[in-house]
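Coordinates in review
In case you want the letters, here they are:
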Amino acid sequence: MDHRLRFAPEILARLGEELVPHPDLGIMELVRNAYDADAELCRIKLSGAAEAGGTLTVSDDGDGMTEAELASGFLLIGRSSKSSSTHSRLGRRKVGEKGLGRLAALRLGTTVTVTTRSRTEPGIEHVLSIDWNRVDASHAVEDVPLGIVTRTLDSTAPDGTSEWKQGTTVTVTGLRHSISAGAGERLARSLLLLSGPFADGTAFNVECDTPEYAGLSRLVNSDLLRYHEYRLVAVLDSEGLASATLYNWRGEAEFTGDHAAVGHRQGTRRKKKDAAPPLAFSAPEATLELWMFNLNPSAAKKEVRLAEQDTPAIRNWLRTVGGVHLYHRGLRVQPYGDKGNDWLDINLRRSGSPEMRPSTATALGRLMVVDPADMLRPKTDRSGFVETFEFGQLQEFAKCAMDWAAEQRLQQREQGRVGASVKAHDEAEEADARFQRILASIVPPGDDMLPLDAPSDPATLQSLADSATKVVNIQKQEIEALREDLLLYRSLATVGTSTAVFAHEALRPASRIVNLVKTLRRRIEPKVSSEVYEESFKNPIDSSIDSAMTLETFARLPLSLLEKNKREVNDIDLDATCRSVVELFKRYLDERAIQVTFDLQAEGATVRTTIADVESILSNLLANAAHAFTRTDAPMGPERTIRIRTRLVDRDDALGQDIALCVDDSGPGILGISLKSIWLPGKTTFDNGTGLGLTIVRDIVGDLKGTQEARANGELGGARILVQLPARAGHGGSAGSSTEEGW
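Chains are numbered independently. Their residues run from 1 in the order of the written sequence. In keeping with the predicted nature of the model, local features appear solely for residues at pLDDT of at least 70, side-chain atom pairs appear and are counted solely at 80 or more, and the whole-chain, interface and lining totals rest on all residues. Excluding hydrogens and water, the side-chain values take into account all heavy atoms of the structure.

Let's shift gears to the confidence of the model for the protein chain. Close inspection of predicted coordinates is inappropriate for parts of the model with low pLDDT. Summarising the model, the protein chain shows a mean pLDDT of 79, and 73% of its residues fall at 70 or more. Taking the mean pLDDT of every element in the protein chain, the minimum, 50, falls on strand 22 (residues 735-736) and the maximum, 96, on strand 8 (residues 230-236). This stretch, residues 267-275, has a pLDDT under 50; its non-local contacts, to residues over four places away or in other chains, come to 19 contacts. Per-residue confidence from the predictor is reported as pLDDT, a score between 0 and 100. It only takes one pair of heavy atoms within 4.5 Å for two residues to be counted as in contact. Low pLDDT, under 50, characterises residues 737-741; the predicted model gives this stretch 7 contacts beyond four residues in sequence or across chains. Elements are defined by DSSP. Helices are runs of H or I of four residues or more, strands are runs of E of two residues or more, and each kind is numbered from the N terminus.

When glycine is set aside, most residues are seen to have a negative phi, and most peptide bonds are trans. P335 follows Q334 through a cis peptide bond whose omega is 5 degrees. Structurally, P335 is set in the loop between strand 13 (331-333) and helix 11 (346-352). Backbone geometry at R329 places phi at a positive 60 degrees, although glycine is not the residue there. Following the sequence through the fold, R329 ends up in the loop between strand 12 (323-328) and strand 13. Three labels apply to residues, based on accessible area from a 1.4 Å probe with only protein chains included: buried if under 20% of the type maximum, exposed if over 50%, partly exposed otherwise in between. A residue is classified by how much of its surface remains accessible, and R329, at 4% relative accessible area, is buried. Unlike most non-glycine residues, K705 shows phi in positive territory, near 65 degrees. Among the secondary structure elements, K705 is positioned in the loop between helix 19 (693-703) and strand 20 (707-711).

Any two strands with at least two DSSP-identified bridges between them are counted as paired. Spatial ordering of the open sheet is given by 5-4-3-6-2-1-7, a layout of 7 strands whose pairing is mixed. Among the strands making up the open sheet, the edge pair consists of strand 5 (148-152) and strand 7 (205-208). Strand after strand, the sheet turns through a mean of 15 degrees between neighbouring axes, direction not considered. Bridge count for strand 2 (residues 55-60) against strand 6 (residues 167-173) is 5 bridges, and the pairing is antiparallel. The residue of strand 6 that forms the bridge with L56 is V172. Geometry is summarised by axes, namely lines fitted to C-alpha atoms with helices restricted to the contacting stretch, and by angles between N-to-C directions that run from 0 to 180 degrees.

We now examine the sheet that holds strand 8. The strand order 10-9-8-11-14-12-13 describes an open sheet built from 7 strands, whose pairing is mixed. Looking at strand neighbours, the two that pair on one side only are strand 10 (253-257) and strand 13, the edges of this open sheet. Shown here is a sheet whose adjacent strand axes are inclined to one another by a mean of 20 degrees, direction ignored. In this sheet, strand 10 lies alongside strand 9 (residues 242-248) in antiparallel orientation, the contact comprising 4 bridges.

See below:
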């Protein structure tokens with residue numbers, strides 16, 4: 001006698017309610033079924049759902065089902081409709097899966113009625129009814145037969161037309177639990193974001209009669225998208241190669257990048273020989289669109305567009321729709337982009353490197369995937385995709401594209417910021433001098449003001465007015481440039497103040513440790529033999545004293561750099577300052593077995609600046625070079641060398657001389673970051689690095705009207721940083737060569 005597997009009714013709870021815990025996920029599965037049936041419209045209605053016993057109705061105008069399709073498709077749980085056909089009649093790529101989400105929706109109530117009219121059977125209607133109480137009371141699920149009633153429709157439809165509309169209606173009555181306001185809002189948001197608040201629309205629309213839906217619909221479908229500041233469009237093609245374009249708010253392409261530029265994540269390290277583009281992504285074709293908004297327009301330069309935007313409304317809108325949503329075959333996939341689901345680590349990466357990066361509160365995006373090869377596998381509970389290698393590569397593509405966009409914006413900002421304050425200051429002085437000359441031609445020396453009835457040349461007065469306006473405008477530009485610098489250096493000032501406080505506090509215990517250990521040595525030496533002392537006590541005691549003295553030196557270092565007199569402008573001897581800075585760092589360098597050699601040939605030549613400026617330049621270069629030796633890809637040889645060279649060189653314009661400062665090291669060189677990006681704030685290849693050291697160097701050099709250059713590899717094999725600063729006229733030194741051979 002043959003036997004078959006049978007299933008207890010409890011298995012339905014395991015597969016339905018427990019596997020898909022949120023009712024909105026099950027309802028969304030019914031909506032996906034409508035999409036697969038080529039419906040143009042799907043309606044959701046909740047009646048009395050605020051309390052248990054309510055009714056859920058989901059209806060669509062899709063192709064409907066025949067009796068056979070209803071029996072072998074709708075009632076067959078666990079098999080995807082895609083197994084027989086991957087595309088719908090109208091060419092939609094099917095999104096319905098194994099029916100577990102549908103089962104969860106059908107189990108929301110005590111009874112279910114499915115009414116369907118197939119496009120292929122005009123005038124015929126099939127009705128399926130399920131009484132879950134009867135099923136739950138049975139010994140096995142298959143003991144309860146489910147009948148399908150087929151009937152011929154009257155010639156007149158309920159809406160008065162002569163033709164009954166095709167489609168399917170699922171009615172779930174006797175809801176087991178109430179649908180709370182929070183669940184209703186989550187459902188409304190999910191439905192509204194199925195196609196998203198984007199301008200291109202879709203041939204599939206959803207309506208819902210819940211109060212939450214009506215309120216959110218007005219918010220989600222607003223036209224606030226037009227107030228974006230930048231729009232990123234990144235494409236991953238069938239070969240796994242990425243490209244990207246960054247558009248401004250006018251729709252003009254400001255930056256474009258190919259796979260070689262876009263395919264690298266920020267901070268990844270590449271070996272010297274790795275000049276080829278990054279490896280292709282192993283992910284399905286995809287398109288990322290990201291709209292970024294400026295929600296702090298007062299911090300930007302005044303623009304009419306920003307002044308007109310309703311910033312509070314945009315903030316509220318982005319709280320509902322913000323983040324990057326994943327769209328698979330035209331429909332949004334939960335939970336990606338839901339509140340609290342930062343699946344692309346946008347906020348995390350922004351907290352680590354905030355420069356020019358959006359957050360989920362300031363950006364809206366979509367990652368659109370068709371996936372014809374089914375590389376992405378949905379989870380059984382329909383809460384997203386299984387985190388396979390291919391899914392991880394899709395995430396990696398999106399993160400790389402956003403990294404690239406942030407770097408382009410940062411470079412753009414820095415190009416405008418570097419030297420802006422110096423340029424604005426010079427222009428302001430020039431404009432003021434011109435204004436004073438015109439004023440002097442109108443008001444004779446000694447007169448306080450021009451009599452009101454005095455004759456005047458209209459052209460001269462107009463020139464005076466124009467000059468005054470120019471002075472004011474340029475001073476505004478100077479203030480704006482200084483404000484941008486202030487934002488960067490205010491945080492550094494806080495760090496400096498905190499460092500000084502801790503350094504002061506560290507000096508006393510460090511000195512006390514040295515004295516205590518020395519006292520301990522004096523007491524031990526007379527009580528033990530010299531052999532015992534050498535064997536058991538000498539090394540730990542000497543090491544303790546040495547370590548405490550190192551701690552004391554490290555505490556004095558920031559205090560020395562922060563001394564007030566070092567911020568006074570003077571003629572600074574660069575060679576002498578180089579030696580004094582290295583002396584400050586001596587114990588730090590000795591601890592790391594780093595040797596510093598000098599080749600200083602600009603003796604007597606000076607730069608008009610402050611000691612603090614020169615110390616900031618050199619200390620940051622020394623710290624970078626020393627840190628390079630700690631990298632895992634640093635050479636294994638015993639030699640750790642930093643070489644400091646100076647020369648007095650002629651300027652290219654032959655109008656003066658520069659002092660050239662060159663710092664080489666024998667480390668691994670500059671890897672994993674472009675020589676252009678290395679000067680940008682936040683850009684670093686060091687773990688736990690700030691990425692501000694070389695930005696500080698660049699800004700100081702720019703303020704002094706000098707130049708800087710980075711080379712991946714110098715004569716010692718490691719990085720080379722070259723700085724040129726204007727030398728004071730008439731000060732010692734003899735001109736050398738500015739060519740490579742001169743070094």
